[in-house]
Amino acid sequence: TKCESGCVCADGLYENLDGRCVPAEECPCEYGGLAYGKGEQIQTECEICTCTKGKWKCVQKSKCSSTCNLYGEGHITTFDGQRFVFDGNCEYILAMDGCSVNRPVSSFKIVTENVICGRSGVTCSRSISIYLGNLTFILRDETFTISGENPGVHYNVKKNALHLMFDIIIPGKYNMTLIWNKHMNFFIKISRETQETICGLCGNYNGNMKDDFETRSKYVASNELEFVNSWKEDPLCGDVYFVVDPCSKNPYRKAWAEKTCSIINSQVFSACHNKVNRMPYYEACVRDSCGCDIGGDCECMCDAIAVYALACLDKGICIDWRTPEFCRKF
C-alpha cells in the first residue's frame, strides 16, 4: 500500500537464505531449521524426499518400517509415536500379530518381563522373550539363548560392544530387526508385507497415534494404566494402579539427575536438537536417574541418553557423546 525503500529480486528470481537472488530451480528447502540445496534428499522410514524448486517432493518407499522403543524404567514409544510410562512388575506383551477376531493365529509374540530395580518401586525391563512358533529367543542377564526351531523363519544374530541385534524374516509377512543393549533398552523395527493387525503395548501400528491404547478386548482404553493392565501375559498378575515419580520419592537425587542428564540439552547434541525433540528424552533421563537408587545409577542414566543418541542416528545425525570418563564403551 505504500512505497518502501530496499532491494527486490528481478522478475523470475527469488531470495535464498544467503540473501542472493536465484532462479526458482535453485531455491533451497527447509527441514528442522536446516537448509537443503537443490537435489538434496532426506529420508524417513516411509518416504524419500527430494528438494525441488524450494519444495519437498516425497516418494513413498515400497516397504515402510516403524520402530517401537522400550527403554529405561518402563518408557515406551509405540510404532505410531505415542509415548507413555508404566511401572508394572509382570510379564507384558509388547507386540504380536494375529490380533483380529477373524485371524487369531499368531506368527510372532514379543514379551517383556519387568523386575524391581530401586527402593522407590520403579521397574526395569530386564528380560525379553521372542516366540516364533516353536522357535524361542530368551534375552536375559546380558546374553541370550535360542531353543526349538521353525523352518519358516530365517534369523541372524549380530553382536557389538554395546548391542545384540537380531534380524528375523518371516517370508511374505515381516522383516524385523530387534536391538537390545543387554540392559534396559529394547527396540523393535518392523517392515511388514501384509496389512496384518499388530497389537500389544507397542500399539496397533495403523498410523494413528490416537487409538494406540487399544486393549486386548479391542476397545480404546481411557488411560494408559487400563491399557497396560490389559496386556499382562498372566491375567493373575497384579494390576498397576499408579505411576511412581522417582524424583518425588528420592528428592536428594534430583539435582544430580538433572545435572548429568543435561548433556542432552548441551552443545554435544546441538546438531540433533532441530531434528529430534529432546525434551521427552531429557525428562525420561531425569526420571530414570532418580529411580535407580540401589546401584546401577550411572547405567540408568547412560541408557537413557543412548536412546536420544539412537533417535538422532535414525535422522542421520551421528553424535560421539561417550568418553572414557562418561558412559564409556565396555
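Quantities reported herein were computed from a predicted structural model and do not represent experimental measurements.

Our focus in this paragraph is the layout of surface pockets. Here the second largest pocket defines a volume of roughly 710 Å³. In terms of lining residues, the second largest pocket is bounded by 34 residues, among which Leu162, His163, Ala306, Trp321 and Arg322 are the most central. In terms of residue count, helix H6 (residues 297-314) provides more of the lining of the second largest pocket than any other element does, 10 residues in total. Residues belonging to the lining of the second largest pocket are distributed by class as follows: 20 nonpolar, five polar and nine charged. Both of domain 2 (65-230) and domain 3 (246-315) provide at least three residues apiece to the lining of the second largest pocket.

Another aspect to go through is the packing of aromatic side chains. Following the criterion strictly, the structure yields 15 aromatic pairs and no others. With a centroid separation of 5.6 Å and 80 degrees between ring planes, the pair formed by phenylalanine 84 and phenylalanine 227 is classed as edge-to-face. Highlighted residues: phenylalanine 84 in strand S10 (residues 83-85) and phenylalanine 227 in helix H1 (residues 224-230), separated in sequence by 143 residues. Phenylalanine 227 matches phenylalanine 84 in its accessibility class, with the two residues each being buried. Ring geometry for phenylalanine 108 against tyrosine 174: centres 5.2 Å apart, planes inclined by 75 degrees, an arrangement best described as edge-to-face. Note that phenylalanine 108 is positioned in the loop between strand S11 (91-97) and strand S12 (109-116) and tyrosine 174 in strand S18 (residues 174-180), a separation of 66 residues in sequence. Summarising the burial analysis for this pair, phenylalanine 108 and tyrosine 174 share the class buried. Ring pairs connect the aromatic residues Phe84, Phe86, Tyr92, Phe213 and Phe227, which therefore count as one cluster. Residue placement shows arginine 83 over the ring face of tyrosine 281; its charged tip is 4.8 Å from the ring centre.

This next bit is on the pairing of strand S6 (residues 47-52). For strand S5 (residues 41-43) and S6, the ladder comprises three bridges, and the chain directions are antiparallel. Residue pairing across strands places glutamine 41 opposite threonine 50, the latter belonging to S6. What sits between the antiparallel neighbours S6 and strand S7 (residues 55-60) is a turn of two residues, in which lysine 53 has the positive phi angle 55 degrees.

For the rest of this paragraph, the subject is the sheet that holds strand S19 (residues 186-192). If you trace the seven strands from one edge of the open sheet to the other, you get S10-S9-S8-S19-S18-S17-S16, paired in antiparallel fashion. The sheet is open, and its two edges are formed by S10 and strand S16 (154-159), each paired on a single side. Adjacent strand axes in the sheet meet at a mean angle of 15 degrees, parallel and antiparallel pairs treated alike. With seven bridges joining them, S18 and S19 adopt antiparallel strand pairing. Within S19, the residue paired with tyrosine 174 across the bridge is arginine 192.

Turning our attention to the state of the cysteines. Here a disulfide denotes one covalent bond, and it connects the sulfur atoms of two cysteines. Taken as a whole, this structure holds 10 disulfides when the rule is applied. What pairs with cysteine 49 in a disulfide is cysteine 58, and their sulfur atoms sit 2.1 Å apart. Taking the torsion about the S-S bond as the criterion, the cysteine 49 to cysteine 58 disulfide, at about 110 degrees, is right-handed. Assessed through its relative accessible area of 39%, cysteine 58 is described here as partly exposed. Of the cysteine sulfurs around cysteine 7, a residue in no disulfide, the closest is that of cysteine 21, at 8.3 Å. Since its relative accessible area comes to 83%, cysteine 7 is described here as exposed.

Rules of the game
Residues numbered from 1 in each chain as written. Predicted model: local features only at pLDDT ≥ 70, side-chain atom pairs only at ≥ 80, totals over all residues. Heavy atoms only, no water. 1 Å grid on protein atoms, 1.4 Å probe; cavity = no way out; pocket = protein on both sides within 12 Å on 5 of 7 lines; lining within 4 Å. Points joined across faces, edges and corners; volume = space filled by probe spheres on them. Helix = DSSP H or I, 4+ residues; strand = E, 2+ residues; numbered from the N terminus. Nonpolar A, V, L, I, M, F, W, Y, C, P; charged D, E, K, R; others polar. Domains from an automatic or database assignment. Phe/Tyr/Trp six-rings, centres within 6.5 Å; stacked < 30°, edge-to-face > 60°. Buried < 20%, exposed > 50% of the residue type's maximum accessible area, 1.4 Å probe, protein only. Lys NZ or Arg CZ within 6 Å of the ring centre and 35° of its normal. Pairing = 2+ DSSP bridges. Axes fitted to C-alpha atoms, helices over the stretch in contact; angles between N-to-C directions. Disulfide = S-S within 2.5 Å.

It is worth stressing that arrangement in space is one thing and function is another; only the former is reported here.
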